Structures are given as C-alpha cells and as structure tokens.
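# Commentary on secondary and tertiary structure
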Amino acid sequence: MHDRIRIRRVKILSDDWSVLKKTTFDYLRKDGTWQTQNRETYDRGNGAVILLYNRTAKTVVLIRQFRFPAYVNDHPEPLIEAPAGRLDAHDPETCIRKETEEETGYRVSQPRRIFNAFMSPGSITERLVFFVAEYNPADRAGAGGGDAAEGEEIDVIEPTLDEALAMIDRGEIADAKTIMLLQYAKLHGLVRP
C-alpha cells in the first residue's frame, strides 16, 4: 500500500490524553485515479487485554468501571470488561501482568497470547494484543481496584462463563474486547460445562 498513499498534510488537533490528528492524503484507486481524502485518527497507543478463567470453578474474572465515553453515549452504568491497559513503554506480556494485578489483584503466571485486533480501525489506531490465562484463588496477591491516581475505581466480579455469556445476551456486557474473549473461551472450551 505504500506506493498508493501520499501524505500531503498532517495537523495535530489535540495532544492531551492522546493524539488526535487530521491527515490529508492522496489515495491511488484501483482504476488508476488519485483521490484526495481527509481522515482524523485518534492515537492512544497500543494495548493488551486478558481473560482469566478457572476450569474447576468454571468462572472468569471481569472488572466493572465507569467509562465516560460510554456514559455520554447513553450507557449510564459502569462497563463490565476484561482487564486491559495501554502498553506505554512495556511489551504486551509485561503490560498485561501489571494491569491484571493492578485491576483485579490476581498475579498472572503464564498469560497466553491468542491474537491481535484493531478495535475501531476507521478512526482509532490502537491495536490490542489478546491474552488468556488460567487462575485460581491462590493467585490473588491483592485487592485490585485499579490506580486511583489515574481515576480508576474498579470492582472485580467472577461470574461463571455461562453467566458472563448470558450477560452479553441481556446487554449487560457491551464491551467488544470482552465479548470477543468470552466467545473465544466458549469456542475453545477453556471452561467446560
């Protein structure tokens, strides 16, 4: 694609929590004509997300936290999600170990990378690395709850996988990355009935 894209102009619209850019570029269409396009991209960095599962108890670990963008889009309740975080300067495995302990209190010994995915590629540059890991009660190293200095106030919940899947059907879980991980767990038999 490099020979089909010519960047003409990049303007930074915002550089606060993340970077919002407006880019004007020429795009070579399949019919051989060049078309000038404008796109805004929101670059918040890449991240990692994990689903903790317990085969014996048939449970998964999820978190519940307030998300302002969801709130202003008519979702008044805190979102139920899988633990996740931005990579910042870390590799994905280091990031997910840190975030998991910070948010849930569980210490992850062997996260298994399962795939990468763009969550909203029409406007957001973020690519997530998805992990799963088995856990048991002995892995609990702390209370979790997140980092208050970052504005986090997180509750940890441990539904069964079937309960979590039913929560999707009832609209209680509306986070895409979490839905993908729960469906992965079901499809790959991580927790058997």
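So, here is what we can say about the structure in this document. For clarity, every value in this text was computed on a predicted model and none was experimentally measured.

## Regarding the side chain of Thr24
Structurally, Thr24 is set in strand 2 (residues 19-28). Here the side chain of Thr24 touches Asn38 through a polar contact of 2.5 Å, side chain to side chain. The contacts of Thr24, once residues within four sequence positions are left out, are Ile7, Arg8, Arg9, Thr36, Gln37 and Asn38.

## Some points on the layout of surface pockets
One number sums up the size of the largest pocket: a volume of about 1200 Å³. What lines the largest pocket is a set of 33 residues, and nearest its centre among them are Trp17, Arg44, Arg67, Glu81 and Lys177. Elements supplying a minimum of two residues to the lining of the largest pocket: helix 1 (68-71), strand 6 (79-81), strand 7 (84-86), helix 2 (92-104) and helix 4 (176-187). Residue composition of the lining of the largest pocket, grouped by class: 13 nonpolar, six polar and 14 charged.

## Section: the nonpolar core
Judged by nonpolar contacts, the single largest core of 27 residues is most densely connected at Leu51, Val60, Leu62, Val132, Ile173, Leu181 and Leu182. Counting residues per element, the ones that place at least two in this core are strand 4 (47-54), strand 5 (59-65), strand 8 (112-118), strand 9 (127-134), helix 3 (161-169) and helix 4. When neighbours within four sequence positions are excluded, Val132 is seen to be in contact with Ile50, Leu51, Tyr53, Gln110, Pro111, Arg112, Ile114, Leu181, Tyr184 and Leu190. If you look at the next biggest cluster of nonpolar residues, it comprises 13 residues, including Ile50, Ile96, Val108 and Val129.

Calculation rules
- Residues numbered from 1 in each chain as written.
- Predicted model: local features only at pLDDT ≥ 70, side-chain atom pairs only at ≥ 80, totals over all residues.
- Heavy atoms only, no water.
- Helix = DSSP H or I, 4+ residues; strand = E, 2+ residues; numbered from the N terminus.
- Polar contact = N/O pair within 3.5 Å; in protein donor to acceptor, adjacent residues only side chain to side chain.
- Contact = heavy atoms within 4.5 Å.
- 1 Å grid on protein atoms, 1.4 Å probe; cavity = no way out; pocket = protein on both sides within 12 Å on 5 of 7 lines; lining within 4 Å.
- Points joined across faces, edges and corners; volume = space filled by probe spheres on them.
- Nonpolar A, V, L, I, M, F, W, Y, C, P; charged D, E, K, R; others polar.
- Core = buried A, V, L, I, M, F, W, Y, C linked by side-chain atoms within 4.5 Å.
- Buried < 20%, exposed > 50% of the residue type's maximum accessible area, 1.4 Å probe, protein only.

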